[in-house]
Amino acid sequence: MTDESAPTPDSNSAQTAEFADINEGLAGFGAEPELDQESIDAMQEAQRAMEDARSRLADVPAEVVVTNHVMGLYELAAIHLSATPPDLEQSVLAIDAVACLVDGLGDRLGEEAPTMRDALNNIRLAFVQIKGAEQPSDS
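Here the structure is a predicted model, which is why all the values come from computation and not from measurement.

Peer 1: Account for the overall build of the chain, with residues named and values stated.
Peer 2: Within the chain, the regular secondary structure consists of five helices and zero strands. Expressed as a percentage of the 139 residues in the chain, the buried residues total 14%. Contacts in the chain between residues far apart in sequence, at least 24 positions, make up 58% of those at least 6 positions apart. Counting every atom, the chain has about 10800 Å² of accessible surface; 55% of that belongs to carbon and sulfur.

Peer 1: Explain the pattern of salt bridges residue by residue, including any values.
Peer 2: Under the definition given, this model contains four salt bridges. Here aspartate 52 and arginine 56 are joined by a salt bridge, their closest N and O atoms 2.7 Å apart. In this pair, aspartate 52 and arginine 56 both sit in helix H2 (residues 37–58), four residues apart, roughly one turn of the helix. Classification of arginine 56 by relative accessible area gives exposed; the value is 52%. Residue aspartate 107 pairs with arginine 117 through a salt bridge whose shortest N-O separation is 3.3 Å. Residue aspartate 107 is located in the loop between helix H4 (88–105) and helix H5 (113–134), and its partner arginine 117 is located in helix H5; the two are separated by 10 residues in the primary sequence. Since its relative accessible area comes to 60%, aspartate 107 is described here as exposed. Assessed through its relative accessible area of 33%, arginine 117 is described here as partly exposed.

Peer 1: Quick rundown of the nonpolar core? Include the residues and the values.
Peer 2: By size, the foremost hydrophobic cluster in this structure holds 16 residues, and its most contacted members are Ile95, Val98, Val102, Leu120 and Ile123. Elements that contribute at least two residues to this core include exactly helix H3 (62–81), H4 and H5. In contact with isoleucine 95, other than residues within four places in its own chain, are Ala77, Leu81, Leu120, Ile123, Arg124 and Phe127.

Reading the values: the criteria
Residues numbered from 1 in each chain as written. Predicted model: local features only at pLDDT ≥ 70, side-chain atom pairs only at ≥ 80, totals over all residues. Heavy atoms only, no water. Helix = DSSP H or I, 4+ residues; strand = E, 2+ residues; numbered from the N terminus. Buried < 20%, exposed > 50% of the residue type's maximum accessible area, 1.4 Å probe, protein only. Contact = heavy atoms within 4.5 Å. Areas by Shrake-Rupley, 256 points an atom, 1.4 Å probe, with all protein chains shown as cover. Salt bridge = Lys/Arg side-chain N within 4 Å of Asp/Glu carboxyl O. Core = buried A, V, L, I, M, F, W, Y, C linked by side-chain atoms within 4.5 Å.

Below is the structure:
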């Protein structure tokens, strides 16, 4: 009894040739590019700078970093609100992100929490005023 599903010598060599063609086509795909010494030095310097930045960031209280991000999002919202014409869709996303952090974290933001709440209220008020000015009147 023979196994008819087993590859025959002819089909086996055809498969081998096909796989060789595929492997040849893939040769070098995903391989590391060869770098010159200048590129290697630049990458090592960037790695050292990244490690230094991480080390400095680890020394900063998380509430300070989060507060800085809140203010960055606040500024992003203000930029979109002050565009000509104002980009309400983009500004509301940034405002909602500020709200998520400020409302969600509350007093965990530390001594800056009241300032962050005031900033959120101010940017919301600005949004409402600008949106109202953009709406056509019905009269």
